[in-house]
Amino acid sequence: MKDKINKRWAVVGLIWAGVIFLTWWNVDTMDRIRSPRERIEISHTEMQFVQYNSENISSVLKKKALFCQPVESLKLGCLSVESQLRSLATEYDLKEFKTKCQPGEDNQGSMPIKLSFQGSFKRALKLLGVLQKDYPYLLIKQVEMIPYQLENKIKFQIFCNYRYRITSEGMTT
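Conventions used here
- Counting starts from 1 at the beginning of each chain's written sequence and moves along it residue by residue.
- Selection of residues for local features in this predicted model requires a pLDDT of at least 70, selection of side-chain atom pairs for listing and counting requires 80 or more, and totals for whole chains, interfaces and linings are taken over all residues.
- In computing side-chain properties, one takes all heavy atoms of the structure into account and sets aside hydrogens as well as water.
- Secondary structure elements are taken from DSSP: a helix is a run of H or I of four residues or more, a strand is a run of E of two residues or more, and numbering for both begins at the N terminus.
- Per-residue accessibility, obtained with a 1.4 Å probe over protein chains only, is compared with the maximum for each type, and a residue is labelled buried under 20%, exposed over 50%, and partly exposed between these values.
- Working rule for contacts: check all heavy atoms of both residues, and any pair within 4.5 Å makes them a contact.
- For every accessible area listed, the method is Shrake-Rupley and the probe measures 1.4 Å; residues are considered covered only by the protein chains on display.
- Counting rule for charge: Lys and Arg are taken as positive, Asp and Glu as negative, and neither His nor the chain ends is counted.
- Charge placement uses NZ in Lys and CZ in Arg. For Asp and Glu, CG and CD serve respectively.
- Residues form patches when they are more than 30% accessible in relative terms and have no salt bridge. Like charges link within 9 Å. Nonpolar side chains (Val, Leu, Ile, Met, Phe, Trp, Tyr) link within 5 Å.
- Salt bridge criterion: a side-chain nitrogen from Lys or Arg within 4 Å of a carboxyl oxygen from Asp or Glu.
- Cysteine sulfurs are considered disulfide-paired once they come within 2.5 Å of each other.
- N or O atoms closer than or at 3.5 Å make up a polar contact, with two conditions inside protein: a donor-capable atom paired with an acceptor-capable one, and, for residues adjacent in sequence, both atoms drawn from side chains.

A.B. asks: Explain the overall build of the protein here, please?
C.D. replies: Scanning the protein for helices and strands turns up 3 helices and 5 strands. Counting from the amino terminus, helix and strand elements in the protein follow one another as α-β-α-β-β-α-β-β. The C-alpha extent of the protein, read off along each of the three principal axes, is 120 × 40 × 35 Å. The 173 residues of the protein split such that 23% are buried. Residue pairs in contact within the protein that sit at least 24 positions apart in sequence constitute 60% of those at least 6 positions apart. When the accessible surface of the protein is summed, it comes to about 13600 Å², and 59% of that surface belongs to carbon and sulfur atoms. Treating the 26 positive side-chain charges of the protein as one cloud and the 18 negative ones as another, the clouds have centres 5 Å apart.

A.B. asks: Before we go on, may I ask you to explain a nonpolar patch on the surface in this structure?
C.D. replies: On the surface, Met1, Ile5, Trp9, Val11, Val12, Ile15, Trp16, Val19 and Ile20 cluster together into a nonpolar patch covering about 1000 Å² of accessible area. Position of isoleucine 20 among the secondary structure elements: in helix α1 (residues 2–66). We classify isoleucine 20 as exposed; its relative accessible area is 57%.

A.B. asks: Help me understand the state of the cysteines in this model?
C.D. replies: Here a disulfide denotes a covalent bond joining the sulfur atom of one cysteine to the sulfur atom of another. One pass over the structure, following the stated rule, counts 1 disulfide. Disulfide pairing places cysteine 78 opposite cysteine 101 at an S-S distance of 1.9 Å. On the sign convention where negative is left-handed, the bridge of cysteine 78 and cysteine 101, at about 120° about the S-S bond, is right-handed. In this pair, cysteine 78 is assigned in helix α2 (residues 74–91) and cysteine 101 in strand β2 (residues 95–101), connecting sequence segments 23 residues apart. There is no split in this pair, since cysteine 78 and cysteine 101 are both buried. Of all cysteine sulfurs in the structure, the one in cysteine 160 sits closest to cysteine 68, which takes part in no disulfide; the separation is 15 Å.

A.B. asks: Teacher, can you tell me more about the pattern of salt bridges here?
C.D. replies: Once the charged atoms of two side chains with opposite charge are near each other, the side chains can pair. Scanning all chains against the criterion turns up 3 salt bridges. In this structure, the salt-bridge partner of arginine 32 is aspartate 28, at a minimum N-O distance of 3.4 Å. On the criterion of helical spacing, the pair formed by arginine 32 and aspartate 28 is a turn pair, its members being 4 residues apart in helix α1. Under the relative-accessibility criterion, aspartate 28 is labelled partly exposed at 30%.

A.B. asks: What's the story with the side chain of arginine 163 in this structure? I'm lost.
C.D. replies: Relative to the helices and strands, arginine 163 resides in strand β5 (residues 154–166). As a buried residue without a salt bridge, arginine 163 has its nearest oppositely charged side chain in aspartate 134, at a separation of 14 Å. At 3.3 Å, the side chain of arginine 163 and the backbone oxygen of phenylalanine 67 are in polar contact.

Encoded structure:
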């Protein structure tokens, strides 16, 4: 009788082993089939997203490019910014205009610039508005104002962070 029960347990054990093996094999087969389908579906969804948002993506990339000025060297970039700022100061009739670029050794992609000038509050505000709008690569960090009591002028010191990107255009190897 024990022999008969042992044989039945052995058969039940083999059946359960077969069930477990077939379940594992079925799950593995489903994973192998599902993976390519998921990849295809994900890439299709990404393509739809890119097509639907291509104009927004391109405008964001263009805006991002404006936040760094492409220059061939840091010195050329600094001279360019100084020239642009000097012409703005002349346009807004700001006196005693001075710029000071402060290149550092570890500033990768940014450099502090200090502007100082004298002028009316209204003209200085116009200059700050133009800097924010037309020169996004010049991030204004701090503005100091020292009023003159006898005159209608104010001495300004503006601290900016000049963001640049060194390009290899025009360079030969």
